[in-house]
Amino acid sequence: MTLSYGREYLAIPGPSVMPDRVLRAMNRASPNIYEGDLIDMAAGLIPDLRRVARTEHHVAIYIANGHGAWEAALANTVAPGEAVLVPATGRFGHGWADMAQGLGIETDIIDFGKSTPLDAGRVEEALRADTAGRIKAVLVTHVDTSTSIRNDVAAVRAAIDAAGHPALLMADCIASLACDVFEMDAWGVDVIVAGSQKGLMVPPGLSFVFFSPRAAEVRAAMPRVSRYWDWTPRANPQGFYQYWGGTAPTHHLFGLRESLDMIHGEGIEAVWTRHAALARAIWAACEVWGQHGPLALNMPDAAHRSHAVTSLRIGAPHGSALRGWLQDKAGVTLGIGLGMAEPNDPAWHGFFRIGHMGHVNAHMVLGVLASIDAGLKALDIPHGQGALEAASTVIAGAA
Ligand SMILES: *Cc1c(COP(=O)(O)O)cnc(C)c1O
């Protein structure tokens with residue numbers, strides 16, 4: 001018997017749930033790319049994207065996923081043979097470092113492991129030790145989607161300033177933009193990278209690099225930047241095609257227009273507050289389940305937990321068994337335990353993640369939690385009782 005027929009729910013940390021409004025906006029014939037609706041609409045996307053990132057500065061759009069934005073940010077600012085400092089708190093920090101290595105950039109990695117946020121003091125030390133001025137940028141993952149750690153980006157700015165170091169501050173906000181509070185200008189961030197398929201609720205395929213005037217100066221001093229990745233024409237287009245470096249990503253743009261309308265209709269601060277409340281409900285349930293049995297939040301300190309994704313440890317084989325049960329019996333797809341163990345390691349089966357980014361509300365979160373509760377019971381995985389009560393109490397208090 002399965003109870004999975006009905007609307008399926010993809011509760012993984014990206015791609016996120018697509019709103020019907022976004023899907024409807026994309027459901028249209030190919031538009032003219034030389035005049036008409038598409039051209040009229042495009043310029044308005046830029047200020048609305050800036051409002052999401054809380055910046056007055058530049059944005060370049062790429063037809064790429066997050067990996068493309070990683071490469072774009074580096075290609076404009078760091079030349080081969082130069083170095084970046086990477087305080088890593090999970091798979092995605094190492095992923096951006098790997099991207100840098102592929103460009104011939106040296107990477108100084110400070111590995112904080114999988115359950116500890118970055119320590120800005122260590123970043124400051126590393127910058128002070130860089131008397132030769134090798135380090136061109138510090139690459140911070142705001143939310144590492146593998147571990148669900150949220151790092152204090154403003155503290156890294158303070159560390160860079162305290163060390164009196166000229167390195168750019170670059171932040172990966174792919175998982176966190178339009179989910180967790182992020183203030184590009186107020187926090188002194190020079191470059192942020194983001195993607196369309198997480199908090200922005202659009203299918204994968206667009207990515208964004210926001211950059212400050214300082215970062216633009218660093219770009220101007222680069223010996224060479226490949227034409228395709230160069231952010232200059234994209235951020236200052238003379239012709240419509242230059243926004244995209246070629247043909248516009250037509251349907252994604254109509255989807256993005258709708259999602260930005262949804263975000264600003266709700267209000268970015270309200271979007272942040274909603275994500276925070278839903279995250280607290282999830283944590284409350286997880287803490288109760290964890291009172292008896294193997295389930296535990298990966299990030300012990302709530303102050304450093306993402307509001308967009310929650311990584312959990314439950315011991316092999318329970319993680320994979322639970323994911324399988326929810327998928328087959330309840331129509332809910334949970335995230336795999338990315339980066340916690342290698343897929344050929346039996347420990348791989350001991351982790352899972354709940355994605356709660358973007359178009360997610362109270363009944364969706366309560367439904368996922370109740371489905372997990374049923375799965376724990378069906379699979380005889382020991383767990384504390386009263387998790388759903390704890391979650392609904394949080395929702396009642398927040399709404
Ligand atoms: C999803 C994600 C990426 C990678 O994005 P892709 O679109 O899969 O290339 C990078 N960093 C973070 C923090 C992410 O969440």
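Everything numeric in this text was worked out from a predicted model, so none of it was measured. (Residues numbered from 1 in each chain as written. Predicted model: local features only at pLDDT ≥ 70, side-chain atom pairs only at ≥ 80, totals over all residues. Heavy atoms only, no water.)

Along its length, the protein carries 13 helices and 14 strands. Taken along its principal axes, the extent of the C-alpha atoms in the protein is 60 × 55 × 40 Å. The buried share among the 399 residues of the protein stands at 57%. For the protein, the accessible surface area stands at approximately 15600 Å², while carbon and sulfur atoms represent 54% of it. Charge centroids of the protein, computed over 30 positive and 39 negative side chains, lie 2 Å from each other. (Helix = DSSP H or I, 4+ residues; strand = E, 2+ residues; numbered from the N terminus. Buried < 20%, exposed > 50% of the residue type's maximum accessible area, 1.4 Å probe, protein only. Areas by Shrake-Rupley, 256 points an atom, 1.4 Å probe, with all protein chains shown as cover. Lys, Arg positive; Asp, Glu negative; His and termini not counted. Charge placed at Lys NZ, Arg CZ, Asp CG, Glu CD.)

Here we come to the domain arrangement of the protein. Segmentation of the protein into domains returns domain 1 (9–16 + 267–398) and domain 2 (31–264). The centre of domain 1, based on its C-alpha atoms, is set 28 Å off from the matching centre of domain 2. A combined buried area of about 2600 Å² lies between domain 1 and domain 2, and 55% of that area is made up of carbon and sulfur atoms. It is Ile268, Trp272 and His304 in domain 1 that bury the most area against domain 2; as a group they hold 24% of the surface buried on that side. There are 2 salt bridges connecting domain 1 and domain 2. Measuring nitrogen to oxygen at the nearest pair gives 2.8 Å for the salt bridge that ties Glu269 to Arg54. Residue assignment for the side of domain 1 that touches domain 2 shows that the elements contributing at least two residues are helix H10 (268–289) and strand E12 (309–313). By residue number, the principal contributor to the side of domain 1 that touches domain 2 is H10, which donates 5 residues. The class makeup of the residues in the side of domain 1 that touches domain 2 is 14 nonpolar, 13 polar and 5 charged. (Domains from an automatic or database assignment. Buried area = accessible area lost by both parts, 1.4 Å probe. Salt bridge = Lys/Arg side-chain N within 4 Å of Asp/Glu carboxyl O. Nonpolar A, V, L, I, M, F, W, Y, C, P; charged D, E, K, R; others polar.)

Our focus in this paragraph is helix H6 (residues 153–163). Every buried residue of H6 is accounted for by Val153, Val156, Arg157, Ala159, Ile160 and Ala163. The buried residues of H6 all sit within an arc of 160° when viewed along its axis, so they share a single face. At the N-terminal end of H6, a side-chain oxygen is found 3.3 Å from the backbone nitrogen of Ala154, two or three residues along, and the residue is Asp152. Trailing H6 by a residue or two, Gly164 shows a phi angle of about 60°, which is positive. (Arc of directions from axis to C-beta. Polar contact = N/O pair within 3.5 Å; in protein donor to acceptor, adjacent residues only side chain to side chain.)

What follows concerns the site of the ligand. As a matter of local geometry, the ligand sits amid Asn65, Gly66, His67, Trp70, Phe92, Val143, Thr145, Asp172, Ile174, Ala175, Gln197 and Lys198. The separation between an oxygen atom of the ligand and a polar main-chain atom of Gly66 is 2.8 Å. When the residues that make up the shell around the ligand are grouped by side-chain class, the tally is 5 nonpolar, 5 polar and 2 charged. (Near = heavy atom within 4 Å.)

This part takes up the environment of Ile268. If you trace the backbone, Ile268 turns up in helix H10. Relative accessible area serves as the criterion here: at 7%, Ile268 is assigned to the buried category. Taking the C-alpha atoms as reference, Ile268 lies 24 Å from Ile63; in sequence the two are 205 residues apart.

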